[in-house]
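# Examining the three-dimensional arrangement
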Amino acid sequence: MGGCFSKPKPVELKIEVVLPEKERGKEELSASGKGSPRGYQGNGTARHFHAEERLPTPQPYPSPQDCVEATVCHVKDLENGQMREVELGWGKVLLVKDNGEFHALGHKCPHYGAPLVKGVLSRGRVRCPWHGACFNISTGDLEDFPGLDSLHKFQVKIEKEKVTIRASKQALQLQRRTKVMAKCISPSAGHSSSTNVLIVGAGAAGLVCAETLRQEGFSDRIVLCTLDRHLPYDRAKLSKSLDAQPEQLALRPKEFFRAYGIEMLTEAQVVTVDVRNKKVVFKDGFKLEYSKLLLAPGSSPKTLTCKGKDVENVFTIRTPEDANRVLRLARGRNAVVVGAGFLGMEVAAYLTEKAHSVSVVELEETPFRRFLGERVGRALMKMFENNRVKFYMQTEVSELRAQEGKLQEVVLKSSKVLRADVCVLGIGAVPATGFLRQSGIGLDSRGFIPVNKMMQTNVPGVFAAGDAVTFPLAWRNNRKVNIPHWQMAHAQGRVAAQNMLAQEAEINTVPYLWTAMFGKSLRYAGYGEGFDDVIIQGDLEELKFVAFYTKSDEVIAVASMNYDPIVSKVAEVLASGRAIRKREVETGDMSWLTGKGS
């Protein structure tokens, strides 16, 4: 933010500011006094946006009283490529020295609050140690995902070899900055049956696309529609905390969509896309014309096809309601999880302290086997067994038995019978693209939407992003891949928006994902499909390790536990375009990776 030394600059809107009760009343009155309809109805009733509507913001300019200044160190205290957290009284700041210059930024990653001082500084940006988001050290801007917000940038002065930082107290306390965005100025917005941009699917890809358009100055109409009844939320959290409520998971508050004229249609299902007339038809008969279309429908979970598949209390976890019901039914009772992938294992880990018993059924011989390999899978399995989870491997469900319609037993092909009051399915998903079959928009044999590096489909003006696409992965020889992960969806949504605005952006992010079980985090970067060897450094027994996945003599992915920031370090090396050779990681000498800077 800065703006304290010189002429005050307009401040970017900050959503998190909570006004005192008195002020809030005033804000609501003035807003409703404009005669604009306020309701966010579930059926997506259109509404008109006033350009002058603003999010509550306490003061438009940081006053001198809002500024704090402190001398934090001597210029020689930091070497090039070094980062340090410094205290300003009202909060901490990340001080970075790069190429002889000092930069001061927010010290926490806005995504989940990771301390950036433990991250990786390279090529003019700092990469978060937990989930790999990258921030430009000169501007504080978010340059790679996950997350939506950027860092505040503070002013640095150097006098007599001493480094002084000046910052707004409010910015120090907020620890995040939402980029300046355009407002919707399309006069007929709320009433017309045509929109400039229509986004189908309101997960990470859809939301980031809408926000990127506004950040780039696009002020025409944007309509974002979702099958869900909620505004965009952090779906990746559902399986890690089954008690989460929609408002805790929301990625943006309701006021945000209102302020920037991003119209939300909830519980809205698109049934046909007519690309010749650039029109979509919704299940309730509503028709909407578009100029540009983003398809980000995500995927639908697979369900069982065995006998008894329709009994009650068998769930896939797609919504907060699903997650909450599973938890309610599992408390003190017997839970069975089918599938030992990310979703199944996260649910099993969460339920161990709540349920009477937790059993996991899986076709493979170890959990995560295809993804993390035999040895890592076995080490994680042991951690679960130490937490009383029972595994039934190399078998599948042959029947679900009910009593009075409700699940009572899960019968396995191995003829074992498990007592079960609730069953969660985590057996994979298929792209939710059935509605596109007759549209002329290309789908591959598995139902994925193939796109190019600009996220364009085979139809001009129609883009696609997120779990339902296959796209060329630059650093794996442009192999067409599907990567159904949270971070990837963010990155693709952004590239799609940039190309709607003819900016010719290409997708080139390094995939990054994570999981959390029993308070331990596993991080992963790269694309490991087809690995032929796994090289493990550290101690698998202690769950303090790094695993390198190689194909012939190249490292194609890395996973780690209790070894931060090594995965972010590897992601940064791969992002810089440098290949990592197998021999570099076989020696056990990690100095090339753990050395500071690049």
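Residues numbered from 1 in each chain as written. Predicted model: local features only at pLDDT ≥ 70, side-chain atom pairs only at ≥ 80, totals over all residues. Heavy atoms only, no water.

### Things to note about the overall build of the protein
Scanning the protein from N- to C-terminus turns up twelve helices and 35 strands. Taking all 598 residues of the protein together, the buried fraction comes to 56%. Summed over all atoms, the accessible surface of the protein reaches about 25900 Å², with 46% contributed by carbon and sulfur. (Helix = DSSP H or I, 4+ residues; strand = E, 2+ residues; numbered from the N terminus. Buried < 20%, exposed > 50% of the residue type's maximum accessible area, 1.4 Å probe, protein only. Areas by Shrake-Rupley, 256 points an atom, 1.4 Å probe, with all protein chains shown as cover.)

### So, the packing of helix α3 (residues 204-215) against helix α9 (residues 486-500)
When two helices pack together, their arrangement is given by the angle between the helix axes and the distance between those axes. Taken N-terminus to C-terminus, the directions of α3 and α9 make an angle of 40°; their axes are 7 Å apart at the nearest point. The orientation of α3 relative to α9 falls into the category oblique. For α3 against α9, the interelement crossing comes out right-handed. Every residue of α9 that contacts α3 at Ala204, Ala205, Val208, Cys209, Thr212, Leu213 and Gln215 is listed here: Trp486, Ala489, His490, Gly493, Arg494, Ala497, Gln498 and Met500. Considering only residue class, the contact of α3 with α9 consists of nine nonpolar, five polar and one charged. (Axes fitted to C-alpha atoms, helices over the stretch in contact; angles between N-to-C directions. Parallel < 35°, antiparallel > 145°, perpendicular 65-115°, else oblique. Left-handed = near helix turned anticlockwise from the far one by under 90°. Contact = heavy atoms within 4.5 Å. Nonpolar A, V, L, I, M, F, W, Y, C, P; charged D, E, K, R; others polar.)

### Considering the sheet that holds strand β1 (residues 67-74)
Spatially, β1-β10-β9-β4-β3-β2 is the arrangement adopted by the six strands of the open sheet, whose pairing is antiparallel. Both edges of this open sheet fall to β1 and β2 (82-87), since each of them pairs with a single strand only. On average, adjacent strands in this sheet sit at an angle of 30° to one another, irrespective of strand direction. In this structure, strand β4 (residues 101-106) lies alongside strand β9 (residues 153-159), joined through two bridges in antiparallel fashion. By the bridge assignment for β9, Leu105 is matched with Lys153. (Pairing = 2+ DSSP bridges.)

### Side note on the side chain of Glu211
Structurally, Glu211 can be placed in helix α3. Of the residues examined, Glu211 reaches a relative accessible area of 2% and is grouped as buried. When near neighbours in sequence (up to four residues on either side) are disregarded, Glu211 contacts Leu148, Met181, Arg252 and Phe256.

### Quick word on the side chain of His103
With respect to the helices and strands, His103 occurs in strand β4. Taking relative accessible area as the criterion, His103 reaches 8% and is therefore assigned buried. A polar side-chain atom of His103 sits 3.3 Å from the main-chain carbonyl oxygen of Ile137. A distance of 3.0 Å separates polar atoms of two side chains, one belonging to His103 and the other to Lys153. Among all residues touching His103, those that are not within four sequence positions of it are Leu94, Leu95, Val96, Ile137, Ser138, Lys153 and Val156. (Polar contact = N/O pair within 3.5 Å; in protein donor to acceptor, adjacent residues only side chain to side chain.)

### Examining unusual backbone geometry
Omega for the bond connecting Phe145 with Pro146 falls within 30 degrees of zero, at 20°, which places this linkage in the cis form. Summarising the element assignment, Pro146 is placed in the loop between β8 (142-144) and β9. Here Asp564 and Pro565 are connected by a cis peptide whose omega angle stands at 0°. Structurally, Pro565 can be placed in the loop between β35 (554-561) and α10 (566-575). Of note in this structure, Ser552 is not a glycine but carries a positive phi near 45°. Within the element layout of this structure, Ser552 appears in the loop between β34 (544-551) and β35.

### A word on helix α6 (residues 320-330)
Among the residues of α6, Pro320, Asp322, Ala323, Asn324, Val326, Leu327 and Ala330 are the ones counted as buried. Buried residues in α6 make contact with α4 (246-249), β18 (314-315), β19 (334-338), α7 (342-351) and β25 (422-425). Remark: Gly332 follows α6 within two positions and exhibits a positive phi of approximately 70°.

### So, the environment of Thr550
Within the secondary structure, Thr550 sits in strand β34. Sequence separation between Thr550 and Gly530 is 20 residues; the distance between their C-alpha atoms is 8.7 Å. The contacts of Thr550, once residues within four sequence positions are left out, are Phe531, Asp532, Asp533, Ile535, Val555, Ile556 and Lys582.

### Here's the deal with the packing of aromatic side chains
The full count for this structure, using the stated rule, is ten aromatic pairs. Each ring, one from Phe256 and one from Tyr260, has its centre 4.9 Å from the other, and the planes form 65°; the classification is edge-to-face. Tyr260 carries the same exposure label as Phe256, and that label is buried. Grouping aromatic residues by their ring pairs yields a cluster made of Phe342, Phe368, Phe371, Tyr524, Phe531 and Tyr549. When the ring centre of Tyr350 is taken as origin, the NZ or CZ atom of Lys354, which lies over that ring, is 4.1 Å away. Over the face of the ring belonging to Tyr563 we find Lys544, whose NZ or CZ atom lies 4.9 Å from the ring centre. (Phe/Tyr/Trp six-rings, centres within 6.5 Å; stacked < 30°, edge-to-face > 60°. Lys NZ or Arg CZ within 6 Å of the ring centre and 35° of its normal.)

### Focus on α7
Within α7, nine of the ten residues are buried, leaving the element largely enclosed by the surrounding structure. Taken residue by residue, α7 has Phe342, Gly344, Met345, Glu346, Val347, Ala348, Ala349, Tyr350 and Leu351 as its buried positions.

### Some remarks on the pattern of salt bridges
According to the stated counting rule, one finds 33 salt bridges in the structure shown. In this structure, Asp421 and Arg333 form a salt bridge, with 3.6 Å as the shortest nitrogen-oxygen distance. Highlighted residues: Asp421 in the loop between β24 (417-419) and β25 and Arg333 in the loop between α6 and β19, separated in sequence by 88 residues. Look at the salt bridges and you will find they share partners, linking Glu364, Glu365, Arg369, Arg370, Glu374 and Arg378 into a network. (Salt bridge = Lys/Arg side-chain N within 4 Å of Asp/Glu carboxyl O.)

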